[in-house]
Structures are given as structure tokens and as C-alpha cells.
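# An overview of the molecular structure
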Amino acid sequence: MIYDFAAERIVHATMSEKSSRTIAVTRSSMAPLDEYVAEITPLWESRWLTNRGEKHRQLEADLQEYLQSPHVSLFTNGHAALECALEALELLAGGEIITTPFTFASTTHAITRKGFKPVFADIKSTDYTLDPEKIEALITPNTVAIMPVHVYGSLCDTDAVEAIAKKHGLKVIYDAAHAFGVKRDGVSAATFGDASMFSFHATKVFNTIEGGGLTFTDDDLATRLDEWKNFGIAADGQTVFAGGNGKMNEFCAAMGICNLRHNDEEIAKRKHAHERYVEHLGNIEGLKLLEIPDNVEHNYAYFPVVFEDASHTTRDEVAAALADEDIFARKYFYPLTSDFACYADTYDAQHDTPIAYDIAERVLTLPLYADLTDDDIDRICNVVLSCVNK
Ligand SMILES: *Cc1c(COP(=O)(O)O)cnc(C)c1O
């Protein structure tokens, strides 16, 4: 299966042209420029541009509060944070990690790049997160960890996953790239498992341009991560192991400080857009929308629609009809990571994870961002409905 690079390029090209009709799948949130200028101005005085500077320390503190986590460790990007977590948790080398194929490339690549073997469990058809009932049958003496994904901001069944992990002595690392700001019963997504990875990439709900963070509770892990992301150099100046370089710089941290101040407003705007979509598409036969449980404060990161026709053609028709109108939706996540050219020889996605395979064939993620207007949403829904009602 081939990743649609051509469509991706179209999105970027048309974004830069800023045609008034064009709607990209996402648009980065940016705090007002004068706020950012005020935040970075002291850097011309201090000349402290990276390596745990003032902005870095400030953002860590702000995020500890916002995410309700005693530790937040910042990184150059979410992927680096995930790879670093896999190293710093000191898992047995070469072990198996049970994970989901219904995710972005990063989750699976982090596992393989660190020398572990991904073992794919199927997802739930309700919220597309890893199905805890599929995990235990896949556990072997070589299993070292479980890496679920809070996909589209839907929180995994964390209690069930962690009960299995505890029983079998496994670590749990959540890919929480989509779950920034999500809470269940008032409890932050950042509080589960041994560690959670958040991405602060430009396209995510909260961004530091590029960036990422790990949240966790173990004090020792904080020290190890600081060393891992700075070449293995310890606080006393000794180089204690062959670490990498994953430090967030001051300009990205400053962007994060500014964007975080506006994050709740941005999520409220996303919520409004979500609700307008639901008004149009909520009761249409053949369309399944993301369900948001009553006890969840969501972040409205994405608007996935699953088309329920057996022939699997509606999704592609809708995507094409939207593209004709300069509206760029994404087949997110298609193909499954286990179907990528680099993994397809090792895995049989359709056989191993039939539900994930089926959802990937039928899902389309519609444009959703804070500044998406009501008119834009109406236009998008008209195109979707014209295909579905045909
Ligand atoms: C964005 C994303 C990542 C990677 O984050 P980066 O900050 O871009 O490195 C990992 N997992 C998922 C599910 C993502 O969507």
C-alpha cells in the first residue's frame, strides 16, 4: 500500500497559495505575534538559546500544572520523546511490544528503530483504541511493554490495559500525541501508565512549532531522560552513557508558553466546529461519528467519519469530491502501519487486525481547526451529504 504523498503536497501547496476557497485539513494555532515577540525578546539579552534555559523551565512548569503531571520532560519532537522513553525505561533489549497499527508512522517506527518488535493487537470498533481483550493472547515470555494510542483524543481503556500490564510485569507507554488537554472524570490523559508521550507538532491541538513531551511520575526517570536527551551527560559533567540529542530550544519553548495561554479558547473553538459538524452529520444513515463519552472533556483534535457501506467506496468518493472543491480531508489512518511497505512482508494486517484494517478502509478525517468557520463546515458537509445521499 502506498502513502498518498501527492495529496499531502497538494495540501501544502494550496495552503501557501491561501486561495479563499481552499480548506486544508488543519491550520496551526498561533498566539498573537506581539505576545511571542515579548516572550523571545529577553533571549537577545541572555543569549541562552537552548539547554534548559528560562523558557524551557517555564514551559515545563506550565505544562506540569496544565497536564496535572509531576514531571514533564520536553523534547525536540514527539517522536524523539517516544524513542527516548523506550530507551530510558530500560526494557529488555529486543523484546516484543504490543501496540496498535491504527496510528501514525511514529508509534511503530519508534518501536522498530529502538530494536523492539511490534506485535499488533486489534482495536475496538467503537472508539478505535487498542482492545484490551486482544492483548493477553499476544503476551509471550519476550513481551516487555504495551504501547497503546489515545487515537483522535479518545482515551484508551487505561484501567484494563494497566491491570494486564501489572499482572504480567509489563511497562505501559501511551502515545498520547492526540490527547493534549483531554480529561476523563477530571483526570488528565497525562497521568496514565509509566509514561505518556505528547506531540507539540505544528498540526496538533497545542504546538511549540516542533516539539514533544513525556509525562510520568517516577523521579529517577526524570534524571535519566535529562541525560538521554543530552548525549548521556549527567549533572556532574560525567558522560554516563551514549545518549542522543533531543533538547527543546528556547524559541520553541517560548511559542509553547504563548500558545498554552490560549489553549482553552482554541479547544472551545474546536468544540464549536465539532458541534456544527454533528448538527449536519449526526443523524445520517451510513455515517459513524466519533462518540464522546459524557465523563470526558475532549480536545476535539480530529473529526473522523467512518462510512458504513460494505463496498468501501464511499470514503474514496467523498475524498475525491471534497478535493474537487479544494477541500482537503485525510485518510487518517490509512494504510495501517503494519501495511506500510517497510513492514508488509512481516505482517498480515488484514488477518491479524481485521477491525483496524476495516476501519482504515472506511475512515476519512474532515478538516478541523480552531478558526474553521461555520460557512466552511456547511460547505464541507454539503459535499459529504451529496455523496452519501446519491
Ligand atoms: C504526531 C504524532 C506523533 C509524532 O509526533 P511528532 O511531534 O510529529 O514527532 C506520534 N504519534 C502520533 C499518533 C501522532 O499523531
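Below you will find a few notes about this structure. As the structure is a prediction and not an experimental result, all values here were calculated from the model.

With that out of the way, let us pick up the environment of His178. By the secondary structure assignment, His178 is in the loop between strand E5 (171–175) and strand E6 (183–184). We classify His178 as buried; its relative accessible area is 6%. Note: C-alpha distance between His178 and Tyr302 (124 residues apart in sequence) is 8.5 Å. What His178 contacts, discounting residues up to four positions off in sequence, is His150, Val151, Tyr152, Gly153, Asn299, Ala301, Tyr302, Tyr332 and Phe333. Within polar-contact distance, the side chain of His178 engages the backbone nitrogen of Tyr152 at 2.8 Å.

Another point: the packing of helix H11 (residues 314–324) against helix H14 (residues 374–388). It is the contact of H11 with H14, at a shortest axis distance of 9 Å, that shows an interaxial angle of 140°. As judged from the angle between their axes, H11 and H14 are oblique. As for how H11 packs across H14, the hand of that crossing is right-handed. In contact with Thr314, Glu317, Val318, Ala321 and Leu322 of H11, H14 contributes Ile380, Val383, Val384, Cys387 and Val388. Split into classes, the residues belonging to the contact of H11 with H14 amount to eight nonpolar, one polar and one charged.

Moving on to the site of the ligand. Near the ligand there are 16 residues, and of these Gly78, His79, Asp175, Ser199 and Lys204 occur at the shortest range. A distance of 2.7 Å separates a nitrogen atom of the ligand from a polar side-chain atom of Asp175. A distance of 2.7 Å is found between an oxygen atom of the ligand and a side-chain nitrogen or oxygen belonging to Ser199. About the coverage of the ligand: the protein hides 93% of its 380 Å² of free accessible area. Breaking the shell around the ligand down by element, the ones donating at least two residues are helix H5 (78–88), helix H6 (105–113) and strand E8 (195–199). Of the residues assigned to the shell around the ligand, the class counts are four nonpolar, 10 polar and two charged.

Before going further, it helps to examine the packing of H5 against H6. Following both chains from N to C, one finds H5 and H6 inclined at 40°, their axes separated by 9 Å at the closest point. Compared by their axis directions, H5 and H6 come out oblique. For the crossing formed where H5 meets H6, the hand is right-handed. Facing H5, whose interface residues are His79, Leu82, Glu83 and Leu86, H6 presents Ser106, Thr107, His109, Ala110, Ile111 and Arg113. For the contact of H5 with H6, the class distribution of residues is four nonpolar, four polar and two charged.

Turning next to H11. Every buried residue belonging to H11 is among Thr314, Arg315, Val318, Ala319 and Leu322, and all of these are buried. Buried residues in H11, looked at end-on, bunch into an arc of 135°, giving them a common side. Those residues of H11 that are buried lie in contact with strand E12 (303–307), helix H13 (354–362), strand E13 (363–366) and H14. Immediately beyond the C-terminal end of H11, within one or two residues, lies Asp326, with a positive phi of roughly 60°.

Here we take up the packing of aromatic side chains. Applying the stated criterion across every chain, the model contains 18 aromatic pairs. On the numbers, 5.4 Å between centres and 10° between planes, the contact of Tyr66 with Phe180 is stacked. Within this pair, whereas Tyr66 is found in helix H4 (residues 54–66), its partner Phe180 is found in the loop between E5 and E6, the two being separated by 114 residues in sequence. With relative accessibility at 2%, the residue Phe180 sits in the buried group. Ring centres of Tyr277 and Phe303 lie 4.4 Å apart, and the angle between their planes is 20°; this geometry places the pair in the stacked category. Remark: Phe303 occurs in strand E12 and Tyr277 occurs in helix H10 (residues 263–281); sequence separation between them is 26 residues. One exposure class covers both Tyr277 and Phe303, and it is buried. An aromatic cluster is defined as three or more aromatic residues linked by ring pairs; in this entry it consists of Phe102, Tyr128, Tyr152, Tyr302, Tyr332 and Phe333. Across the ring face of Phe75, the terminal group of Lys229 is positioned such that the distance to the ring centre comes to 4.7 Å. Geometry around Tyr334 places Arg315 over its ring, the cationic atom sitting 4.7 Å from the centre.

Conventions and cut-offs
Residues numbered from 1 in each chain as written. Predicted model: local features only at pLDDT ≥ 70, side-chain atom pairs only at ≥ 80, totals over all residues. Heavy atoms only, no water. Helix = DSSP H or I, 4+ residues; strand = E, 2+ residues; numbered from the N terminus. Buried < 20%, exposed > 50% of the residue type's maximum accessible area, 1.4 Å probe, protein only. Contact = heavy atoms within 4.5 Å. Polar contact = N/O pair within 3.5 Å; in protein donor to acceptor, adjacent residues only side chain to side chain. Axes fitted to C-alpha atoms, helices over the stretch in contact; angles between N-to-C directions. Parallel < 35°, antiparallel > 145°, perpendicular 65-115°, else oblique. Left-handed = near helix turned anticlockwise from the far one by under 90°. Nonpolar A, V, L, I, M, F, W, Y, C, P; charged D, E, K, R; others polar. Near = heavy atom within 4 Å. Areas by Shrake-Rupley, 256 points an atom, 1.4 Å probe, with all protein chains shown as cover. Arc of directions from axis to C-beta. Phe/Tyr/Trp six-rings, centres within 6.5 Å; stacked < 30°, edge-to-face > 60°. Lys NZ or Arg CZ within 6 Å of the ring centre and 35° of its normal.

From the geometry alone we can't say anything about function, so treat these as descriptive.
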